[in-house]
Structure formats: structure tokens, C-alpha cells
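Read off the chains here:
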Amino acid sequence: MNMPGHIKVLLSDEIRAYDPDGPATRKVGQGEPMSPDWHRQTIMDFLEALIEPQETEVLFSGGASLMCWSVTRSNGAYRVIYIPWTGHFSLAVESRYGPVDIGVHGDAMGCFGSV
């Protein structure tokens, strides 16, 4: 399977498994549980921000510039990317030099919801 297809399967599986009403399915911030309504809104916002995976050059600490995959459009400050060699998603901040990995890694909606 090609990389965009692989990423779309990962995202589809994650979206399908996301249960906003499940018992303590997600905690954010300082470990405080968020309401089911917050989770439902996060899912809707995430689905609206999704794009076809597109190869994107991302800056990492130490000055490394590596190819990753954008999976959400930028909101002007952040976007979610997929890092293929780790198999994780990441939150990247927009900069004048392009997206910069800020070390928020995990599942796509967890990264997206951390903003």
C-alpha cells in the first residue's frame, strides 16, 4: 500500500474507534477529563480540517529538515503531520520556514485536540 493510502487507513481506524461517550476515553491538559460534547466538537473540527495526505517538508530540533505528510490543513498556527519513520502523528507549528515539529506526538486526534 502506498503511504497516502496507509495514512488514510490509520486515520479511518482512529476516527471509527473514537468514542466521545466512553468512560474516560480521553484526558487532556493536566489529566482532567473533557466532556463528551468537547469530544464530539473535536471530532467534527478534525473531520473538517482533514486533507488528502500530502508530502511536506518539516523542520525538527537540531535543524533537521525531513519529509513527512500533512493530514490537516493549517489553521494559521498549527497542522497535524504524520511521521512515517516513527508511525506517529505530530503537531507542527507554522513558521516562516515551514512547519516545525514541536514534540507533541501520538494519535492524530490527540495531537489535533491539544491545541
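What counts and what doesn't
Residues numbered from 1 in each chain as written. Predicted model: local features only at pLDDT ≥ 70, side-chain atom pairs only at ≥ 80, totals over all residues. Heavy atoms only, no water. Helix = DSSP H or I, 4+ residues; strand = E, 2+ residues; numbered from the N terminus. Polar contact = N/O pair within 3.5 Å; in protein donor to acceptor, adjacent residues only side chain to side chain. 1 Å grid on protein atoms, 1.4 Å probe; cavity = no way out; pocket = protein on both sides within 12 Å on 5 of 7 lines; lining within 4 Å. Points joined across faces, edges and corners; volume = space filled by probe spheres on them. Nonpolar A, V, L, I, M, F, W, Y, C, P; charged D, E, K, R; others polar. Pairing = 2+ DSSP bridges.

Participant: Would you mind showing me how to read the side chain of Thr-56 here?
Facilitator: For Thr-56, the position within the fold is in strand β3 (residues 50-59). A distance of 2.9 Å separates a polar atom in the side chain of Thr-56 from the backbone oxygen of Gln-54.

Participant: Looking at this structure, how should I read the layout of surface pockets?
Facilitator: A volume near 170 Å³ is recorded for the largest pocket. Those elements giving two or more residues to the lining of the largest pocket turn out to be α2 (36-49) and β5 (78-83). Its residues assigned to classes, the lining of the largest pocket shows six nonpolar, three polar and four charged.

Participant: What's the story with the pairing of strand β6 (residues 88-93) in this structure? I'm lost.
Facilitator: Consecutive residues of a regular strand have side chains that alternate between opposite faces of the sheet. Pairing of β5 with β6 involves six bridges; the strand directions are antiparallel. Bridge pairing links Ile-83 to His-88 in β6. Where β5 folds back onto β6 in an antiparallel hairpin, the turn is made up of four residues, including Gly-87, whose phi is positive at roughly 75°. The pairing of β6 with strand β7 (residues 100-106) spans five bridges and is antiparallel. What sits directly across from Leu-91, in β7, is Val-104.

Keep in mind these numbers describe shape, not what the thing actually does.
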